[in-house]
Amino acid sequence: MKKLFSIFLAFFLLLPVTVRAERAEGIQSPQTLVVDGEVTDLKGYNIHDNNYYRLRDLAAVFAGKLDFSLDGNNRVITVNTEEPYRSFPGDRSGGARERALKKEMQLIVLGKSPQDRMQACYNIHGFNYFRLRDMGEILGFRVRYDKANNRAIVETPSYVPKNDPAPQPAPEAGRVVLGNERLLTEYKHLIDGKRVGLITNQTGVDAEGRPVAEKLKAYPGAQLVALYSPEHGLDGKQKAGAYVASYFDKNMNLPVYSLYGPTRKPSKEMLKGIDVLLYDMQDIGSRTYTYISTLQNAMVAAKENGIPIVVLDRPNPLGGEIVEGFLRETRFKSFVGIDKMPMAHGMTAGELGQFFNREIGADLTVVPLKNWRRDMVWQDTGLPFAQTSPNIPNLSSAFLYMATGSGEETGIGQDEKFHWVGGKNMNSAEYARRLNAKNLPGVRFVAAPKGSRGGVRVEVTDPHSFNPARTGIYTLAVANQMRPINVPTLKKPYSMFYLIQGSETIAEMFRARKSPEEIVAAYQSDVEAFRAERAPYLLYQ
């Protein structure tokens, strides 16, 4: 029976695999792999500066240290951490340079930490290669890199280094744990015995959908005394830009102070009697989304009034790696551009708070996420997605917000809650053809005229490779090459076009009808400068 299983496993690893369209170049990993202090001869592939290995190869080198068996087919692999691996002929090491095709596999993990998750990997010559750090998080081993000696070092839970008598704790497996789910347990000391104010809305819920306001109200160790609501109101139903009034919530028996009314910063009167101010709202990764502006203003108010502020961290739905666009110029500071950032900032709410605090100096604490990594998009978190505003009813709209919604005053606008983009005097079929010809990763464009307007419906095919902000540059620049878009005159008070785009350079490039490739190339220095500036404030790898 064991022999038949080995033959079966060898067969399924050689089966043709349906892969995603995204291609990458894999080179033989230049790093030596060290497992529990022992140098191995295992060679994987380096793809996008990360090491990838086959599961069966890792099982072989981990034997006796961290045992697991494998079973599966070309779509699903079952890993059992309570059974040993049985080796079989046909092992191979990474080649010098190979084409790698990105795909996703379902991983079912049996044992002490059971899981069922979709996992990104790369297929090379019919074999699936998984990122070493991903497998460390899933299987519970530690990964670190020794740059001086160019080594990837793996330490299993039972390993005790000679110079460290304490065993290293294994990473936690499972879904991402929100900051608000840790507040009343590990971080309750931040609020115990205090009068609490909470900035929140309908997105301020835990993984079970329970509002953090209700949990705080029921928590005996602290007193929730006031709520503060952003644009769209506490329930998230007010239209964009609409005045939001303060009121008294009879169900909660609490005042609800509007931060999108006469003032957008908590006043001294609003903060009277507050010992600590909490922030729990879901951002969608764009500089122009106003919930992060509310955070920045609240931090300023907390500093001015000598009140500590706590951010209950939440994932960036787009992940933490996409940084895209021109930096917002100082003169274009507004509520849709509160800080000098590119259009896509690639930070969580807590990281944004730390970044804002470089100029504020508030008494800031971040309750961090568990199990979140920078390469995770929302689909990887295991969390439900709550409607963030009337035009962002679902995750799909959140992903497309920057791709279709940045053409304010240009004549190229969005529809279908950011799933459609176009304008008058546009040929839908030609617009779709030109955009698809650009081969942007993770997205396709379908011709979809709307009355007198020509346009395209935008469909995300791979959320991991899709870049919303860059796609937004392409939707505008390609339309501009087909027929000139409107570029407002630069004068005070600055038009919404400049407040959204944050840059005069992009206006000049649109007027010159530059290609999207030229525009993207023009802001790369801004992107690199921002990456360097934000680095000290990042909380996650």
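Residues numbered from 1 in each chain as written. Predicted model: local features only at pLDDT ≥ 70, side-chain atom pairs only at ≥ 80, totals over all residues. Heavy atoms only, no water.

### As for the domain arrangement of the chain
- Taken domain by domain, the chain holds domain 1 (23-155), domain 2 (179-380) and domain 3 (395-520).
- For domain 1 versus domain 2, the distance between C-alpha centres works out to 38 Å. (Domains from an automatic or database assignment.)

### A few points about the environment of Leu395
- Looking at the secondary structure, you find Leu395 in helix H7 (residues 395-404).
- A relative accessible area of 16% means that Leu395 is categorised as buried.
- Placed 62 residues apart in sequence, Leu395 and Lys333 show a C-alpha to C-alpha distance of 28 Å.
- Apart from residues no more than four positions distant in its own chain, Leu395 is found in contact with Pro317, Trp378, Gln379 and Phe385. (Helix = DSSP H or I, 4+ residues; strand = E, 2+ residues; numbered from the N terminus. Buried < 20%, exposed > 50% of the residue type's maximum accessible area, 1.4 Å probe, protein only. Contact = heavy atoms within 4.5 Å.)

### What to know about the sheet that holds strand E3 (residues 38-39)
- A sheet is described by the order of its strands in space; here four strands give the open sequence E3-E2-E12-E11, paired in mixed fashion. Two strands close off the open sheet at either side, each with one partner strand: E3 and strand E11 (142-146). (Pairing = 2+ DSSP bridges.)

### Re the UniProt feature "domain: Peptidoglycan beta-N-acetylmuramidase NamZ C-terminal" (unreviewed entry) in the chain
- UniProt annotation of "domain: Peptidoglycan beta-N-acetylmuramidase NamZ C-terminal" (unreviewed entry) refers to residues 399-540 when read in the numbering used here.
- The span residues 399-540 carries 44% helix and 15% strand; its end-to-end C-alpha distance comes to 21 Å. (UniProt positions renumbered as here; feature names shortened; annotations may be inferred.)

### Quick notes on the sheet that holds strand E23 (residues 453-460)
- Here we have four strands laid out as an open sheet, ordered E20-E21-E23-E22, and antiparallel in their pairing. The outermost strands of the open sheet, each flanked by one partner alone, are strand E20 (413-415) and strand E22 (443-447). Ignoring which end each strand starts from, the neighbouring axes of this sheet average 30 degrees apart.
- Pairing geometry for strand E21 (residues 420-424) and E23, over five bridges, is antiparallel. Each bridged residue has a counterpart across the sheet, and for Lys424 the counterpart in E23 is Arg453.
- Sheet contacts for helix H8 (residues 428-437): E21, E22 and E23; angle to E22, the most-contacted strand, approximately 165 degrees. (Axes fitted to C-alpha atoms, helices over the stretch in contact; angles between N-to-C directions.)

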